[in-house]
Amino acid sequence: SGTTNITATTIDGGLTASCLVTVTVPAITVTAPNGGETWQVSSPQNITWTSNGTSGNVRIEYSTNNGSSWTDIIASTTDDGSHPWTIPNTPSTNCLVRITDTVGSPTDQSNVVFTITTIPVTSVSVQPTTMNLIVGGSTGTVIATVLPANASNKNVTWSSSATGVATVNSTG
């Protein structure tokens, strides 16, 4: 890589004309996520990079196992330095993004792993909050509501503080 002047000189008059030639090495550099970020499942993020000398299209992939395997985010998109990504439900602390020219080279990946986190539960409520039953087989159902609605794990476990008074099964 570098620059040079290519000069044509006439034999009989010493007249010259030149052309400045710049040769660059094709390159892609991932700028985000480039390591240390924490991105939450379902959140909108932008993958960003810089490049020069590419074919004009790139493939974007991600890994949740420090690069042992890769999943396409998009097989081909314009090499414009940015691509929107809604974070998938694949929580991991060993994530990387890789961007490759669609002709195979150049390529770059996140310098250090980043994290995809779950959407945490912020509250749980039950309905009804009180219930009156009659001894001898009377039953009722308690329903749990977990928020936010898009929490990554909305499962609950049920228990009774006095199983001699009332028991609860796995569905409430």
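What you see is a predicted model; the values in this text were computed from it and never measured.

Enquirer: I would appreciate a short explanation of the packing of aromatic side chains in the present structure.
Expert: Centre distance and the angle of the planes are the two values used to describe a pair of aromatic rings. Taken as a whole, this structure holds three aromatic pairs when the rule is applied. On the basis of an interplanar angle of 55° and a centroid distance of 5.5 Å, the ring pair of Trp-39 and Phe-114 is categorised as tilted. Placement of Trp-39 in strand β4 (residues 38–40) and of Phe-114 in strand β11 (residues 114–117) is noted, with a sequence separation of 75 residues between them. Each member of the pair Trp-39 and Phe-114 is classed as buried. Consider the rings of Tyr-62 and Trp-85, whose centres lie 5.1 Å apart with planes at 50°: the pair is tilted. Within this pair, whereas Tyr-62 is found in strand β6 (residues 57–63), its partner Trp-85 is found in strand β8 (residues 82–86), the two being separated by 23 residues in sequence.

Enquirer: Would you explain the pattern of salt bridges in this entry?
Expert: A pair can form between side chains of opposite charge whenever their charged atoms are brought close. Applying the stated rule across the entire model yields three salt bridges. The partner of Glu-61 in a salt bridge is Arg-59, with the nearest N and O atoms 3.6 Å apart. Residue classification places Arg-59 among the partly exposed positions, given a relative accessible area of 35%. Where Asp-72 meets Arg-59, a salt bridge forms, and the shortest distance between an N and an O atom there is 2.7 Å. Residue Asp-72 is located in strand β7 (residues 71–78), and its partner Arg-59 is located in strand β6; the two are separated by 13 residues in the primary sequence. Salt bridges here are not isolated pairs; linked through shared partners, they connect Arg-59, Glu-61, Asp-72 and Arg-98.

Enquirer: I would appreciate a short explanation of the sheet that holds strand β3 (residues 27–32) in the present structure.
Expert: Two strands in a sheet stick together by hydrogen bonds in their backbones, pointing the same way (parallel) or opposite ways (antiparallel). With respect to topology, three strands assemble into an open sheet ordered β3-β5-β8, the strand pairing being antiparallel. On the outer flanks of this sheet lie β3 and β8, each paired with one strand and no other. If you compare each strand with its neighbour and ignore which way they point, the axes differ by 25° on average. Where β3 and strand β5 (residues 44–52) come together, five bridges link them in antiparallel fashion. Following the sheet pairing, Thr-29 is matched in β5 by Thr-50.

Enquirer: Explain the environment of Gly-81 here, please?
Expert: Structurally, the position occupied by Gly-81 is in the loop between β7 and β8. A C-alpha to C-alpha distance of 9.7 Å links Gly-81 and Asn-46, two positions 35 residues apart in sequence. Residue contacts for Gly-81: discarding those within four places in its chain leaves Ile-47, Thr-48 and Trp-49.

Enquirer: How do you make sense of the pairing of strand β9 (residues 92–101) when you look at a structure like this?
Expert: Side-chain positions along a regular strand alternate between the two faces of the sheet. Most of β9 is tucked away: seven of the 10 residues are buried. When β6 meets β9, the two strands line up antiparallel, connected through six bridges. Counted as the bridge partner of Arg-59 is Thr-100 from β9. Bridge analysis of β9 against β11 gives two bridges, and the strand direction is antiparallel. Along β11, the bridge assignment pairs Ser-92 with Ile-116. For β9 and strand β10 (residues 107–109), the ladder comprises three bridges, and the chain directions are antiparallel. Residue pairing in the sheet places Ile-99 in a bridge with Asp-108 of β10.

Reading guide: rules and limits
- Residues numbered from 1 in each chain as written.
- Predicted model: local features only at pLDDT ≥ 70, side-chain atom pairs only at ≥ 80, totals over all residues.
- Heavy atoms only, no water.
- Phe/Tyr/Trp six-rings, centres within 6.5 Å; stacked < 30°, edge-to-face > 60°.
- Helix = DSSP H or I, 4+ residues; strand = E, 2+ residues; numbered from the N terminus.
- Buried < 20%, exposed > 50% of the residue type's maximum accessible area, 1.4 Å probe, protein only.
- Salt bridge = Lys/Arg side-chain N within 4 Å of Asp/Glu carboxyl O.
- Pairing = 2+ DSSP bridges.
- Axes fitted to C-alpha atoms, helices over the stretch in contact; angles between N-to-C directions.
- Contact = heavy atoms within 4.5 Å.

Nothing here speaks to function; it is geometry throughout.
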